[in-house]
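Each chain, written out:
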Amino acid sequence: MRITNIKASQMELAPAIADYVNKRVGSLEKIISEDDTSAYASVEVGKSSKHHSQGDYFFAEINVHIAGGDFRVVKETDNLYAA
């Protein structure tokens, strides 16, 4: 599966974060058919709006397209790597 886009919002996309995203999205290849050449993912990571009273709050969003359909997951937490 190819990643078409990794976007960072309200923060810089550090190489370590991009590598981590590639590793995690790459693990999806185990469940996606090798014959599906149309499979791709788009990922956005970043800091949530500044309305949180203590510390930073991060989010990660992934949109995956495979032959069977489109899937989207969003997670927010105080740890970027956990998101």
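Up top is the structure.
No experiment lies behind these values; they were computed from the predicted model shown.

S.K.: Please provide a residue-by-residue account of the pairing of strand E3 (residues 58–66), values included.
M.R.: One ladder, built from eight bridges, connects strand E2 (residues 40–47) with E3; its direction is antiparallel. Note on E3: the bridge partner recorded for valine 43 is isoleucine 62. The sheet contact formed by E3 and strand E4 (residues 69–77) spans nine bridges and is antiparallel. Residue pairing across strands places glutamate 61 opposite valine 74, the latter belonging to E4.

S.K.: Can you break down the pattern of salt bridges residue by residue, with the values?
M.R.: Under the counting rule described, the total for this entry stands at one salt bridge. One salt bridge in this structure joins arginine 72 and glutamate 61, with 3.3 Å as the shortest N-O distance. Taken together, the residues span a long stretch of sequence, with arginine 72 in strand E4 and glutamate 61 in strand E3 at a distance of 11 residues. Take glutamate 61: its relative accessible area is 16%, and that puts it in the buried class.

S.K.: Please provide a residue-by-residue account of the nonpolar core, values included.
M.R.: Ile17, Val21, Val25, Ala41, Val43, Val45, Phe58, Ala60, Val64 and Leu80 form the largest nonpolar core, which has 10 residues in total. The set of elements that each furnish at least two residues to this core consists of helix H1 (15–26), E2 and E3. Ignoring any residue separated from it by four or fewer positions in sequence, one finds valine 64 in contact with Met1, Leu28, Tyr40, Ala41, Gly69, Asp70 and Phe71.

Basis of the calculations
Residues numbered from 1 in each chain as written. Predicted model: local features only at pLDDT ≥ 70, side-chain atom pairs only at ≥ 80, totals over all residues. Heavy atoms only, no water. Pairing = 2+ DSSP bridges. Helix = DSSP H or I, 4+ residues; strand = E, 2+ residues; numbered from the N terminus. Salt bridge = Lys/Arg side-chain N within 4 Å of Asp/Glu carboxyl O. Buried < 20%, exposed > 50% of the residue type's maximum accessible area, 1.4 Å probe, protein only. Core = buried A, V, L, I, M, F, W, Y, C linked by side-chain atoms within 4.5 Å. Contact = heavy atoms within 4.5 Å.

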